[in-house]
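Chain residues, written in single-letter form:
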Amino acid sequence: MNRKRMIVIAIAVVLILCVGIAFYFWHKDQQEKEAANRVLRNEYGYAAGSLHLDVDTSKYDQTGDPHDIELMPTDLTYNLLQRWEAIAEVISTIDYPEEAIEQEDWLNVYHTFAKNRFDMEEASEEITEREEYGSANSMVINDYIDVGSVYNDDFREFLEENGIEAPDQRRLE
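Thresholds applied
Residues numbered from 1 in each chain as written. Predicted model: local features only at pLDDT ≥ 70, side-chain atom pairs only at ≥ 80, totals over all residues. Heavy atoms only, no water. Helix = DSSP H or I, 4+ residues; strand = E, 2+ residues; numbered from the N terminus. Rg over C-alpha atoms; globule rule 2.2 N^0.38 Å. Buried < 20%, exposed > 50% of the residue type's maximum accessible area, 1.4 Å probe, protein only. Contact = heavy atoms within 4.5 Å. Patch = residues over 30% accessible without salt bridge, like charges linked within 9 Å, V, L, I, M, F, W, Y side chains within 5 Å. Areas by Shrake-Rupley, 256 points an atom, 1.4 Å probe, with all protein chains shown as cover. Salt bridge = Lys/Arg side-chain N within 4 Å of Asp/Glu carboxyl O. Core = buried A, V, L, I, M, F, W, Y, C linked by side-chain atoms within 4.5 Å. Axes fitted to C-alpha atoms, helices over the stretch in contact; angles between N-to-C directions. Parallel < 35°, antiparallel > 145°, perpendicular 65-115°, else oblique. Nonpolar A, V, L, I, M, F, W, Y, C, P; charged D, E, K, R; others polar. Expected span 1.5 Å × (residues − 1). Polar contact = N/O pair within 3.5 Å; in protein donor to acceptor, adjacent residues only side chain to side chain. Lys, Arg positive; Asp, Glu negative; His and termini not counted. Charge placed at Lys NZ, Arg CZ, Asp CG, Glu CD.

What the protein contains, in helices and strands, is seven helices and two strands. From first element to last, N terminus to C terminus, the protein shows the α and β order α-β-α-β-α-α-α-α-α. A compact globule built from 173 residues should have a C-alpha radius of gyration of about 16 Å, whereas the protein, at 27 Å, is more than 25% larger. Expressed as lengths along the three principal axes of its C-alpha atoms, the size of the protein is roughly 100 × 35 × 30 Å. Among the 173 residues that make up the protein, the fraction classed as buried is 32%. Of the contacts made within the protein by residues no fewer than 6 positions apart, 44% connect residues no fewer than 24 positions apart.

This is the structure in C-alpha cells:
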C-alpha cells in the first residue's frame, strides 16, 4: 500500500507540474499577445495624431482586436497629404506613399511619414542655412507639411521658387 501511495503521489506531482508548465506557457503567450496588441493600439494612436485622422473604435470595443480600429481621413489629413506631395515632388529624398494613400492603408502612410522625418530635417537645414538670425531650422518642412506653417523667409522663398503655395504667416516684428 505504501508503494501504491507513492505512485499516486508521483503521478499527482507529474500532473501538477504538467498543468503548471502548460499554464505558464499559456500565460506567457497571452502576455505577448497583449503586448503586441498594445503596440498596435499605440501605433494607431500615433498614426491618427500625426496624420490628423479620426478614429472609430466601436468595433474594437466589441471585439478587443486592435485590427478592428478604423482610421478615417479628415480635411486636415487631405491638406497634409497635398503639402506632403508637393514637397516630395521637389525634394527627391522625401518619399510620398501614393499607393498606400489610395488604398487608405494609414499605418503604412504613417510609417512612410515617420521614416521621412530625418530627410525632412536635413532638407530643412539645407534650405534655411543662410538664415540671418541663429542656426538653421530643422523643422520647417515638417511644420509646413503638418499644419501648413511657414515662418521662415528662406523656406518661403524655396516654396515660391518651386511653385508651391504657402500661406502668409510671417511673424509680426
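On to a nonpolar patch on the surface. A cluster of nonpolar side chains, contributed by Met6, Ile9, Val13, Leu17, Ile21, Tyr24 and Phe25, occupies part of the molecular surface with about 730 Å² of accessible area. For isoleucine 21, the location among the structural elements is in helix H1 (residues 2–51). You can call isoleucine 21 partly exposed: its relative accessible area is 48%.

Take the pattern of salt bridges next. Proximity of charged atoms lets side chains of opposite charge pair with each other. As enumerated under the stated definition, the model contains two salt bridges in all. Measuring nitrogen to oxygen at the nearest pair gives 3.4 Å for the salt bridge that ties lysine 33 to aspartate 29. With lysine 33 and aspartate 29 both in helix H1 and four residues apart, this pair spans about one turn of that helix. Note on aspartate 29: relative accessible area 32%, which makes it partly exposed. Its salt-bridge partner being arginine 41, residue glutamate 34 comes within 3.4 Å of it at the nearest N-O pair. The exposure class assigned to glutamate 34 is partly exposed, which follows from its relative accessible area of 36%. Classification of arginine 41 by relative accessible area gives partly exposed; the value is 27%.

What follows concerns the nonpolar core. Residues Ile87, Ile141, Ile145 and Phe155 are the most contacted members of the largest nonpolar core, which totals 36 residues. The greatest single-element share of this core, amounting to eight residues, is contributed by helix H5 (residues 106–128). Residues in contact with phenylalanine 155, not counting those within four places in the same chain, are Ile87, Ile127, Val140, Ile141, Tyr144 and Val150.

This part takes up the packing of H1 against H5. Running from N to C, H1 and H5 point in directions that differ by 70 degrees, and their axes come no closer than 9 Å. In terms of orientation, H1 lies roughly perpendicular with respect to H5. Contacts between H1 and H5 pair Leu40, Glu43, Tyr44, Tyr46, Ala47, Ser50 and Leu51 from the former with Trp106, Leu107, Val109, Tyr110, His111, Phe113 and Arg117 from the latter. Considered class by class, the residues forming the contact of H1 with H5 number 10 nonpolar, two polar and two charged.

Quick look at the side chain of asparagine 116 now. Structurally, asparagine 116 can be placed in helix H5. With relative accessibility at 1%, the residue asparagine 116 sits in the buried group.

Below, the discussion takes up helix H3 (residues 75–90). For H3, spanning 16 residues, the distance from its first C-alpha to its last is 24 Å, which sits close to the expected 22 Å at 1.5 Å a residue. All of the buried residues in H3 are Thr77, Leu80, Leu81, Arg83, Trp84, Ala86, Ile87 and Ala88. Buried-residue contacts for H3 involve H1, helix H4 (98–102), H5, helix H6 (140–147) and helix H7 (153–161). By the N-cap criterion, in which a side-chain oxygen at the helix start approaches the backbone nitrogen of a residue two or three places on, H3 is capped by threonine 74, the distance to leucine 76 being 3.3 Å.

For the rest of this paragraph, the subject is a negative patch on the surface. A cluster of acidic residues, Glu89, Glu98, Glu99 and Glu102, forms a negative patch at the surface. Here the negative patch gets three residues from one element, more than from any other, and that element is H4. Topologically, glutamate 99 is positioned in helix H4.

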